[in-house]
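# Structural overview for review
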Amino acid sequence: MENTAAVKVFSKDWFRTHGAALAGYGGVLFCIVFFSITTPLFGESIWSASKLSTLISDVIVLAILSVGAVFVYSLGSMDISIGKQVGLYATIIVAVTNSTGSLILGILICLVIAVFIGIVNGATGELLHIHSVVSSLVFMMVLGGISTLIYNNMGSRNVALKSFDHHIFKNVWLMVIVLVVEVLIVTFLFNYTKFGKNARAIGANPVAAEQSGINLVKYKVIAYVIMGVFVVVAAIFQMGYTGSASDSTGTGFEMNVMVALILGGMPLSGGMKSRVSCAVLGSFTFSLLNVGLPMIGIPVNTVNLIKAIIFIIVVLITCRKSRGVLPR
Amino acid sequence: MAHEVIFEAKHMHKAFGPTIALKDVDIQICRGEIRGLIGENGSGKSTIMSIAAGMQPATSGEMIYKGQPWHPKSMVDSQHQGISMILQEANTIPHVTVAQNLFAGQEQDFSKGGLINMSKMYKRADELLKKFGITNIRGRDPIDRLTFEDRKLIEIVRCVTDDTEILVVDETTTALSHEGREILYKLIHKMTEQDNKAVVFVSHDMDEILEQCTDLTVLRDGDIIGHLTREEMDAPDAVQKIRLMMVGREIGEKYFREDFTPSHQEEVALELQNISFGPIKDFSLQLRKGEIVGMGGLSGCGMHEIGKAAYGLEKLEKGQVLRNGKPIKSCLQAIESGIGYISKNRDLEAIILDAPIQTNIVLPSLTALTKGGFIRPKDEKKLSDAQIGAFRIKCGSGKQYVNTLSGGNKQKVSFAKWTAKGSDVIVMDCPTRGVDIGVKQAMYALIEEMKKEGKAILMISEELSELIGMSDRLIIMKDFEVTAQLERSKDLKQTDIIEYMI
């Protein structure tokens, strides 16, 4: 049979397949162009060395979390305990380092907890037939409670590293290298191994995935464990930036991750259209807005409002379903 | 006959990316006719009516409905204006009642002060079901408790209202039970003969078309090849003539297996030992290498459940499924030990619609494709392209999404998964459902080839002709019990079998 030309660029079919990617790349490009032009008019350019390093330190924790969360979101699941996890891990690392002098020991303890939480979050959904958000909600409350207890017992609302020099974690180059390495690892696992392929298949159609021989419990657990490891990495940078942790460390991070992924064009239902680039693009869009908006004279307390408006626009573009319910 | 034209399409053209589904097609539908649309998979027969019913827009061309230009915005819009379409695949809303499905989108009619009067809705649902002659389903039944076949009936009841002017039935009968079909036939004859409405019947079941339709249009590769009137359909050589029009070449004599002696190797490939679960009690079956065992019966007789059990999907109360001496308790174990399963519920269980063809085909083979810790995209493409070629799946490339394929081509994808995996035992539940003659012929040849390679095949089917044509041994079930076991023979006739089924 004969073929015509490929799908026309910007046609309706093209939008259906590439709409989300367009929103992801378009959002970050728009922010870059917009702030490149506007910020010099208000004095300092966003590309000055100091602002650029502010941007990187702002983006690093969110980007590490979002890229790590790609696996879980591709399942069509989400984890709302990661904010509390970051807070608790940061606290543990500071406390253990202060009492034993070993940073590594603190990190190892956090990894063990993260893997445990990952296994529980990944497995309960499938074994007990509840949505995995529910078990992560339980962890959110439990971990929050533990944090409160710790800080109550200490009688203070924050702890700081005493002897350890945390300035290494403020090095912008280290941040960039860690992020690049993470993106490479996750991209490899997500696109070129069974872990990623199976996770996307589960997100797209769990019944067909299972009938094709995918062990749902195993691959969901793997997805959550991968994320847990990167939550620990993020907690290290979160703690390292100030050299301290407090009872509010990590608050709201789980929602920031969700917003960043959606801004990057990640479908919340998961499946085949999930991409690692969504996490990177979305995190940078998010941070560009954070850093850029105050620079063009927008008061810090209205920045969230503007982010919300942009978020709504992106959601309307990417998450809308055109089909309605068929009436009788 | 000078019937009033109710719908007309002029120069209708539709392309899915590089694939052309319809080439500049003109068609007229008149009141009072049951128009059959017949053609192979991907011939465009469903596409024409899905455009008319507002499911998707045409790439170019115009439509006229009741004398006015017709631009349906959606299927909802089209249904309000009187063109309703019953789709091939299950389309009910899960987890709610039958009545809620029937009146989805019309809840206002039953609500008072923001509350829905459910008992009123159930009552209306019962009346409606009765009007359609459905007596075994009630409005308050949860939809999940209905069988696949009964859910299809609910869709029909939902689609057809007094305002329906054109009813499009798209390959629906293959998904209906025997009684369901009778209800549908009665309905379409009433609509056309008494109410002077139009029915478009999309199918490739030739017998059904010849029996039910008043007019027939044959399509091939997106073109209309010809029209047949009722008189022409009654001609003695009509079947050959239509087949030739559909396929475009003589398909030859060979269709089913040509040998009539049952044969198999000695080694047992799969054994079901006295399994009991749900209503099925003490069922046993030995499937040997190189053997095709056919299972037939009315849907609801338990044969589909046996297929699921053989694949480890059912929880057994007693007995066990053995493969190479080891019990199979889950579908993961089944796949690891070389069993493949093609589900009857294709779009929900057998394939991932929202994924490329290649992803679907390689999915069970990912472990085998992993080399040195990762999967080379080149290897995936090679495996998938080989299957796309072998099955002649009609697509631009393996990257095309499965939801853009026609029904038969989707079925080929779900078949290709297991040939790519190289499974030794394949359980097929209605393997040729929604597949047309040309492809069926190829699939039968493929199944025979598998048999020669020593693969064991359990073929569950509602089509007696293919069961007789392909099986070495035939098991007939009725009400969850085996009523007959028949050996392959030249003298086996459909009429001999039916008495064991009903």
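Residues numbered from 1 in each chain as written. Chains lettered and ligands numbered in written order. Predicted model: local features only at pLDDT ≥ 70, side-chain atom pairs only at ≥ 80, totals over all residues.

### Comments concerning the overall build of chain A
- Tallying secondary structure elements over chain A gives 12 helices and 2 strands in all.
- Secondary structure elements in chain A, listed N-terminal to C-terminal, are α-α-α-α-α-β-α-α-α-α-β-α-α-α.
- Across its three principal directions, the C-alpha atoms of chain A cover 75 × 55 × 40 Å.
- Split into buried and exposed, the 328 residues of chain A put 44% on the buried side. (Helix = DSSP H or I, 4+ residues; strand = E, 2+ residues; numbered from the N terminus. Buried ≥ 20, exposed ≤ 12 C-beta atoms within 10 Å, placed from the backbone.)

### Topic: the overall build of chain B
- When helices and strands are tallied, chain B shows 19 helices and 24 strands.
- The globule rule puts the C-alpha radius of gyration for 502 residues at 23 Å, and the 23 Å found for chain B is close to it.
- Burial analysis of chain B (502 residues in total) assigns 48% to the buried set.
- At a minimum sequence separation of 6, the contacts of chain B that also span at least 24 residues come to 69%. (Rg over C-alpha atoms; globule rule 2.2 N^0.38 Å. Contact = placed C-beta atoms within 7 Å.)

### Thoughts on helix 7 (residues 194-204) of chain A
- The buried fraction of helix 7 of chain A amounts to 9 of the 11 residues, a majority that puts the element mostly inside the structure.
- Those residues of helix 7 of chain A that fall on the buried side of the exposure criterion are G196(A), K197(A), N198(A), A199(A), R200(A), A201(A), I202(A), G203(A) and A204(A).
- Elements that come into contact with the buried residues of helix 7 of chain A comprise helix 2 (49-74), helix 6 (172-192), helix 8 (206-211) and helix 9 (216-242) of chain A together with helix 14 (366-369) of chain B.

### Brief notes about the sheet that holds strand 13 (residues 268-277) of chain B
Residue and element names in this part refer to chain B.
- The 4 strands are arranged 14-13-16-17 in an open sheet whose pairing can be described as antiparallel. If you trace the sheet from one side to the other, it starts and ends with strand 14 (280-288) and strand 17 (326-327), each paired once.
- Here strand 16 (residues 318-323) pairs with strand 17 via 2 bridges, running antiparallel. What sits directly across from R323, in strand 17, is K326.
- Contacts from helix 10 (residues 303-310) reach strand 13, strand 14 and strand 16 within the one sheet, and its direction differs from that of strand 13 by about 120 degrees. (Pairing = 2+ DSSP bridges. Axes fitted to C-alpha atoms, helices over the stretch in contact; angles between N-to-C directions.)

### Thoughts on the confidence of the model for chain A
Residues and elements named next belong to chain A.
- On average, residues of chain A carry a pLDDT of 87, and 91% of them reach 70 or more.
- Between residues 1-7, whose pLDDT stays under 50, and residues either more than four places distant or in other chains, the model counts 11 contacts.
- pLDDT under 50 marks residues 322-328. Its contacts with residues more than four places away, or in other chains, come to 17 contacts. (pLDDT = per-residue confidence, 0-100.)

### Some points on the packing of helix 4 (residues 103-127) of chain A against helix 9 of chain A
All names here are of chain A.
- Helix 9 packs onto helix 4 with a crossing angle of 150 degrees between their chain directions and a minimal axis gap of 7 Å. On the basis of the axis angle, helix 4 is roughly antiparallel to helix 9. Classified by chirality, the crossing of helix 9 by helix 4 is right-handed.
- For the contact of helix 4 with helix 9, a count of residues per class yields 21 nonpolar, 5 polar and 2 charged. (Parallel < 35°, antiparallel > 145°, perpendicular 65-115°, else oblique. Left-handed = near helix turned anticlockwise from the far one by under 90°. Nonpolar A, V, L, I, M, F, W, Y, C, P; charged D, E, K, R; others polar.)

### Examining the packing of helix 2 of chain A against helix 9 of chain A
Residue and element names in this part refer to chain A.
- It is the contact of helix 2 with helix 9, at a shortest axis distance of 7 Å, that shows an interaxial angle of 170 degrees. As summarised for this structure, helix 2 and helix 9 are arranged roughly antiparallel, according to the angle between their axes. Contacts between helix 2 and helix 9 involve S57, I60, V61, I64, L65, V67, G68, A69, F71 and V72 from the first element and A223, Y224, I226, M227, F230, V231, V233, A234, F237, Q238 and Y241 from the second.
- Within the contact of helix 2 with helix 9, the residues separate by chemical class into 18 nonpolar, 3 polar and no charged.

### Examining the domain arrangement of chain B
All names here are of chain B.
- When its domains are assigned, chain B resolves into domain 1 (5-95 + 142-247), domain 2 (263-338 + 424-431 + 457-502) and domain 3 (345-422).
- Centre-to-centre, using C-alpha coordinates, domain 1 lies 29 Å away from domain 3.
- Counting residues at the interface gives 12 residues for domain 1 and 12 residues for domain 3.
- Looking at the side of domain 1 that touches domain 3 residue by residue, the class counts come to 4 nonpolar, 6 polar and 2 charged. (Domains from an automatic or database assignment.)

### Some remarks on the nonpolar core
- Among the nonpolar cores identified, the biggest contains 157 residues, and I64(A), L65(A), A223(A), V231(A), A234(A), A235(A) and L261(A) are the most heavily contacted of them.
- Broken down by element, the residue count for this core peaks at 17 residues, all from helix 9 of chain A.
- Residue contributions to this core reach at least three from each of two domains, namely domain 2 (263-338 + 424-431 + 457-502) and domain 3 (345-422) of chain B.
- Residues contacting L261(A), with those up to four places away along its chain left out, are S66(A), A69(A), Y73(A), M266(A), C278(A), A279(A) and G282(A).
- Listed in part, the 66 residues of the second largest apolar core include I20(B), A58(B), V157(B) and V218(B). (Core = buried A, V, L, I, M, F, W, Y, C linked by C-beta atoms within 7 Å.)

### A look at the sheet that holds strand 24 (residues 481-487) of chain B
Residues and elements named next belong to chain B.
- Taken together, the 6 strands give an open sheet; going across it, the order is 18-21-22-15-23-24, and neighbouring strands pair in mixed fashion. Strands at the two margins of the open sheet, each flanked by one partner only, are strand 18 (339-342) and strand 24. Ignoring strand direction, the axes of neighbouring strands in this sheet form an average angle of 15 degrees.
- Bridge analysis of strand 23 (residues 473-478) against strand 24 gives 6 bridges, and the strand direction is antiparallel. By the bridge assignment for strand 24, R473 is matched with E487.
- Packing of helix 10 onto the sheet brings it into contact with strand 15 (292-296), strand 21 (425-429), strand 22 (456-460) and strand 23, and relative to strand 22 it is tilted by some 150 degrees.

### Observations concerning the pairing of strand 22 of chain B
Residue and element names in this part refer to chain B.
- Of all the 5 residues making up strand 22, 5 are buried; the element is thus mostly covered by neighbouring parts of the structure.
- The two faces of strand 22 match: A456, L458 and I460 on one face and I457 and M459 on the other face are all buried.
- With 4 bridges connecting them, strand 15 and strand 22 associate as parallel partners. Residue pairing across strands places M295 opposite I460, the latter belonging to strand 22.

### A short note on helix 10 of chain B
Residues and elements named next belong to chain B.
- Of all the 8 residues making up helix 10, 8 are buried; the element is thus mostly covered by neighbouring parts of the structure.
- Among the residues of helix 10, those classed as buried are M303, H304, E305, I306, G307, K308, A309 and A310.
- Of the residues one or two after helix 10, G312 is the one with positive phi, at around 80 degrees.

### Observations concerning unusual backbone geometry
- The phi angle at H129(A) is positive, at roughly 55 degrees, despite the residue not being glycine.
- Within the secondary structure layout, H129(A) lies in the loop between helix 4 and helix 5 (132-154).
- Classification of H129(A) as exposed rests on a count of 7 C-beta atoms within 10 Å.
- One non-glycine residue, F480(B), lies in positive phi territory at about 70 degrees.
- Relative to the assigned elements, F480(B) resides in the loop between strand 23 and strand 24.
- By the C-beta count within 10 Å, which is 17 here, F480(B) ends up partly exposed.

### Regarding the pairing of strand 12 (residues 223-229) of chain B
- The pairing of strand 11 (residues 215-220) of chain B with strand 12 of chain B spans 6 bridges and is antiparallel. Paired with L216(B) across the strands is L228(B), a residue of strand 12 of chain B.

### Observations regarding the confidence of the model for chain B
- Of the residues in chain B, 98% have a pLDDT of 70 or more, and the chain-wide mean is 88.
- The complex prediction reports pTM at 0.77, with the ipTM value standing at 0.85.

### Here we look at the environment of I475(B)
Residues and elements named next belong to chain B.
- Positionally, I475 belongs in strand 23.
- Residue classification places I475 among the buried positions, given that 23 C-beta atoms sit within 10 Å.
- Sequence separation of I475 and M303 is 172 residues, and the distance between their C-alpha atoms is 9.3 Å.
- Those residues in contact with I475, other than ones at most four positions away along the chain, are V293, G294, M295, V482 and Q485.

### A few points about the environment of E463(B)
Residue and element names in this part refer to chain B.
- Within the fold, E463 resides in the loop between strand 22 and helix 18 (464-470).
- Residue classification places E463 among the partly exposed residues on the basis of 17 C-beta atoms within 10 Å.
- Residues E463 and K452, spaced 11 residues apart in sequence, show a C-alpha to C-alpha distance of 23 Å.

### So, the environment of E481(B)
- Inspection of the secondary structure assignment puts E481(B) in strand 24.
- In the structure, E481(B) is positioned 202 residues away from P279(B) in sequence and 9.2 Å away in space, judged by C-alpha atoms.

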